[in-house]
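Structural overview
Below are the chains, spelled out letter by letter.
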Amino acid sequence: MELTFYGQNCLGLTIGDINILVDPFISGNEKAKDKINLKEIKADYILVTHAHQDHVLDVETVAKNTDAVIVSNAEIAAYYEDKGFTVHPMNHGGSWQFDFGKVKYVQAWHSSTFPDGASGGLPGGFVIQSGGKNLYIAGDTALSMDMKLIPLFTKLDLAVLPIGDNFTMGPDEAVIASDFIECDRILGCHYDTFGYIEIDHAEAKKKFTDKGKELILLDIGEKLSV
């Protein structure tokens, strides 16, 4: 399982010959749009955690280019199905065995409304199990006791946690979240994209190393093996 960071919460996952895109937001990200060619993005599936613009802006463009299946909660799936896209609806606590692995849709604490005002249901995250590797993508969320449920069914190899504060957890809460999910290898997301969520990289990393953990902060376009 190989991961590519496209900025904010946008991730590419390659599992065998399957390509997965998470929360597509490239064309509107000033830090990514000149580095990543949206037309070259490959996707068999698009996973959407919630309906905010910085997570869905490029969903339709990528889906039209690739015929990808959009996977999200029931409300988001219905929104795109009404537009003619192929979808797979899920909801909290549910799992599905896809051709690339097992996906579980889990709780997140945030809000979720489309830019046009349509309801995006309740936000969530994804736990992906494939080829002996387990990945948690938290989406936008506050620290939550619900995170303690994840290690009851999955031993994580990597967790993608928001660390930008203001709209989500900051680094201090993310350290506690890593305890709750029992994962010491964390990829940070949802930071530095705009002023409200700029962070001190060295300080954030130190908070994790002081607890014997690793916080990974990738450059846009950089890859990581799960």
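From a predicted model like this one, the values you see are computed outputs, not experimental measurements.

Procedures and definitions
- Residues numbered from 1 in each chain as written.
- Predicted model: local features only at pLDDT ≥ 70, side-chain atom pairs only at ≥ 80, totals over all residues.
- Heavy atoms only, no water.
- Phe/Tyr/Trp six-rings, centres within 6.5 Å; stacked < 30°, edge-to-face > 60°.
- Buried < 20%, exposed > 50% of the residue type's maximum accessible area, 1.4 Å probe, protein only.
- Lys NZ or Arg CZ within 6 Å of the ring centre and 35° of its normal.
- Helix = DSSP H or I, 4+ residues; strand = E, 2+ residues; numbered from the N terminus.
- Pairing = 2+ DSSP bridges.
- Disulfide = S-S within 2.5 Å.
- Axes fitted to C-alpha atoms, helices over the stretch in contact; angles between N-to-C directions.
- Salt bridge = Lys/Arg side-chain N within 4 Å of Asp/Glu carboxyl O.
- Core = buried A, V, L, I, M, F, W, Y, C linked by side-chain atoms within 4.5 Å.
- Contact = heavy atoms within 4.5 Å.

**Structural notes on the packing of aromatic side chains**
Using the criterion set out here, one finds 11 aromatic pairs in the structure. With centroids separated by 5.3 Å and ring planes inclined at 10°, the aromatic side chains of phenylalanine 98 and phenylalanine 100 adopt a geometry described as stacked. The burial state of phenylalanine 98 is the same as that of phenylalanine 100; both residues are buried. Ring pairs connect the aromatic residues Tyr79, Tyr80, Phe85 and Phe114, which therefore count as one cluster. Between lysine 148 and the ring centre of phenylalanine 180, over which it is positioned, the NZ or CZ distance is 4.7 Å.

**Remarks on the pairing of strand E8 (residues 101–107)**
It is a general feature of regular strands that their side chains alternate between the two faces of the sheet. Where burial is concerned, most of E8 is hidden: 5 out of the 7 residues are buried. Looking at chain direction, strand E7 (residues 95–98) and E8 are connected through 4 bridges and run antiparallel. Residue pairing across strands places glutamine 97 opposite lysine 102, the latter belonging to E8. A loop of 2 residues connects E7 with E8, the two strands running antiparallel in sequence. As paired elements, E8 and strand E9 (residues 124–130) share 6 bridges and run antiparallel to each other. Counterpart to lysine 102 in the pairing with E9 is glutamine 129.

**As for the state of the cysteines**
Enumeration according to the criterion identifies 0 disulfides in this entry. Here cysteine 10 stays free of any disulfide, with the sulfur of cysteine 189 as its closest cysteine sulfur at 11 Å. Accessibility expressed as a relative area gives 2% for cysteine 189, which makes it buried.

**Looking at the sheet that holds strand E5 (residues 69–73)**
An order of E6-E5-E4-E3-E2-E1-E14 is seen for the 7 strands of this open sheet, with the pairing classed as mixed. This sheet does not close on itself; its edge strands, each paired only once, are strand E6 (87–90) and strand E14 (223–225). Between one strand and the next, the sheet's axes are offset by a mean angle of 20°, whatever the strand orientation. For strand E1 (residues 2–5) and strand E2 (residues 11–15), the ladder comprises 4 bridges, and the chain directions are antiparallel. Paired with phenylalanine 5 across the strands is leucine 11, a residue of E2.

**Quick word on the pattern of salt bridges**
One pass over the full model with this rule turns up 7 salt bridges. Between aspartate 179 and lysine 213 there is a salt bridge whose closest N-O contact spans 2.8 Å. Of the two residues, aspartate 179 is situated in helix H4 (residues 171–180) and lysine 213 in the loop between helix H5 (201–209) and strand E13 (214–216); the sequence distance between them amounts to 34 residues. The exposure class of lysine 213 is buried, given its relative accessible area of 8%. Taking the shortest distance from any N to any O, the salt bridge between aspartate 184 and lysine 213 comes out at 2.7 Å. Residue aspartate 184 is located in the loop between H4 and strand E12 (185–189), and its partner lysine 213 is located in the loop between H5 and E13; the two are separated by 29 residues in the primary sequence.

**Topic: the nonpolar core**
One broad trend across soluble globular proteins is that nonpolar side chains are buried collectively. Counting 52 residues, the largest nonpolar core has Leu3, Ile20, Phe100, Ile128, Tyr136, Leu161 and Ile181 as the members making the most contacts within it. If we skip the residues at most four places from it in the chain, leucine 3 touches Leu11, Gly12, Leu13, Leu158, Val160, Leu187, Leu218, Glu222, Lys223, Leu224 and Val226.

**Thoughts on H4**
Note that an α-helix has 3.6 residues per turn; residues three or four places apart therefore point the same way. Where H4 is concerned, the buried positions are Pro171, Ala174, Val175, Ala177, Ser178 and Phe180. The elements touched by buried residues of H4 are strand E11 (158–162), E12 and H5.

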